[in-house]
Amino acid sequence: MKYMLMIYAAADQQVNCTVEDWMAYEKEMRDAGVLVSGHSLADLVTATTVQVGPDGKRTVTDGPFAETREVLGGYDVIDVPDLDAALEWAAKCPGSRDGGAVVVRPIAEFDF
């Protein structure tokens, strides 16, 4: 079953992991054959938010909402047997340390 691991940090958080930590984690997932895809995201200041109102009018805003307390820093999609295995990989993620969080969600697959 495929799961998305969404890696969050507090907007003001200093992350205490290194590039080497991330590279080792990705290598471990690749070696285990569970990594489907994954990317880290560019700096939050590069974000653009799009909203469409009930009238169909599109509003585009630079950056995220001012109320943002958490930042989505990246994601991984993994293919593992079950939720317990996905939670194990989430716990190994460097982004789960020091106040960070990894949200685990199953991927919904539809037959079209």
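Note that residues are indexed from 1 along each chain, following the sequence as it is written. In keeping with the model being predicted, local features are shown solely for residues with a pLDDT of at least 70 and side-chain atom pairs are shown and tallied solely at 80 or more, while totals for entire chains, interfaces and linings include all residues. Hydrogens and water molecules were not included; the side-chain quantities draw on all heavy atoms of the structure.

**Q** Please clarify how helix α1 (residues 19-32) should be interpreted in this entry.
**A** For an α-helix the count is 3.6 residues per turn, leaving residues at separations of three or four pointing the same way. Taking 1.5 Å per residue as the helical rise, α1 with its 14 residues ought to reach 20 Å, and the 20 Å between its terminal C-alpha atoms agrees with that figure. Looking one or two residues past α1, G33 carries a phi angle of roughly 75 degrees, positive in sign. In this description a helix means any DSSP run of H or I spanning at least four residues, a strand means any run of E spanning at least two, and both kinds are numbered starting from the N terminus. Take the number of residues in a helix, subtract one, and multiply by 1.5 Å to get its expected span.

**Q** How should I be thinking about the pairing of strand β3 (residues 48-52) in this particular structure?
**A** Where a strand is regular, its side chains alternate between the two sheet faces. Paired strands are those between which DSSP finds at least two bridges. Pairing of β3 with strand β4 (residues 58-62) involves five bridges; the strand directions are antiparallel. Paired with Q51 across the two strands is T59, which belongs to β4. The antiparallel hairpin formed by β3 and β4 contains five residues in its connecting segment, where G56 sits at a positive phi of about 85 degrees.

**Q** Would you mind showing me how to read the packing of aromatic side chains here?
**A** One pair of aromatic rings is described through two measures. These are the centre distance and the angle between the planes. Ring pairs shown here join Phe, Tyr and Trp side chains whose ring centres sit within 6.5 Å, with only the six-membered ring taken for Trp; geometry is labelled stacked below 30 degrees between planes, edge-to-face above 60, and tilted in between. This structure, assessed with the given rule, holds two aromatic pairs. Both rings, one in Y25 and one in W89, keep their centres 6.4 Å apart while their planes meet at 55 degrees; by these two values the pair is tilted. Remark: W89 occurs in helix α2 (residues 83-92) and Y25 occurs in helix α1; sequence separation between them is 64 residues. This pair shows no difference in class: Y25 is buried, exactly as W89 is. Between the aromatic rings of F110 and F112, the centroid separation amounts to 6.0 Å while the plane-to-plane angle is 50 degrees, which identifies the pairing as tilted. A cation over an aromatic ring shows up here: K92 above the ring of W89, its NZ or CZ 4.3 Å from the ring centre. Exposed residues in this analysis have more than 50% of their type's maximum accessible area, buried residues have under 20%, and partly exposed residues fall in between, with area computed by a 1.4 Å probe over protein chains only. By definition here, charges over rings are those cases where NZ of Lys or CZ of Arg is within 6 Å of the ring centre and within 35 degrees of the ring normal.

**Q** When you look at the pattern of salt bridges in this model, what are you seeing that I'm missing?
**A** Any two side chains of opposite charge can pair, on the condition that their charged atoms come close. Salt bridges are counted wherever a side-chain nitrogen of Lys or Arg sits within 4 Å of a carboxyl oxygen of Asp or Glu. With the rule as written, the count across this model stands at four salt bridges. For the salt bridge of D21 with R97, the shortest nitrogen-to-oxygen distance reads 3.4 Å. In this pair, D21 is assigned in helix α1 and R97 in the loop between α2 and β6 (101-106), connecting sequence segments 76 residues apart. By relative accessible area, which is 36% here, R97 ends up partly exposed. Measuring nitrogen to oxygen at the nearest pair gives 2.9 Å for the salt bridge that ties R30 to E26. Within this pair, R30 and its partner E26 are both found in helix α1, separated by four residues, close to a single helical turn.

**Q** For this particular structure, what's the right way to read the layout of surface pockets?
**A** A probe as big as a water molecule, rolled over the atoms, marks out the empty space that is left. Cavities and pockets were defined on a 1 Å grid built from protein atoms only: a cavity is a group of points that admits a 1.4 Å probe but offers it no way out, a pocket is an open group of points flanked by protein on both sides within 12 Å along at least five of seven lines, and a lining residue is one with an atom within 4 Å of any such point. Grid points are joined across faces, edges and corners, and a volume is the space filled by probe spheres set on the points. Taken as a whole, the largest pocket holds about 580 Å³ of empty space. Around the largest pocket sit 32 residues that line it, and I7, W22, S40, G73 and G74 are the ones nearest its centre. Mapped by element, the contributors of at least two residues to the lining of the largest pocket are β1 (2-10), α1, β2 (35-40) and β5 (70-79). With six residues, β5 is the single largest residue contributor to the lining of the largest pocket. Gly is placed with the polar residues, together with every amino acid not listed as nonpolar (Ala, Val, Leu, Ile, Met, Phe, Trp, Tyr, Cys and Pro) or charged (Asp, Glu, Lys and Arg). Across the lining of the largest pocket, the residue classes break down as 18 nonpolar, nine polar and five charged.

**Q** Please clarify how the sheet that holds β5 should be interpreted in this entry.
**A** Sheet strands pair by backbone hydrogen bonding; their relative direction is either parallel or antiparallel. Taken in spatial order, the four strands of this open sheet run β2-β5-β1-β6, and their pairing is antiparallel. Looking along the sheet, the strands with just one partner apiece sit at the ends: β2 and β6. Recorded for the sheet is a direction-independent mean angle of 20 degrees between the axes of neighbouring strands. Examined bridge by bridge, β1 and β6 share six bridges and lie antiparallel to one another. The residue bridging M4 from the neighbouring strand is R105, located in β6. Orientation is described by axes fitted as lines to C-alpha atoms, over the contacting stretch for helices, and by angles from 0 to 180 degrees between their N-to-C directions.

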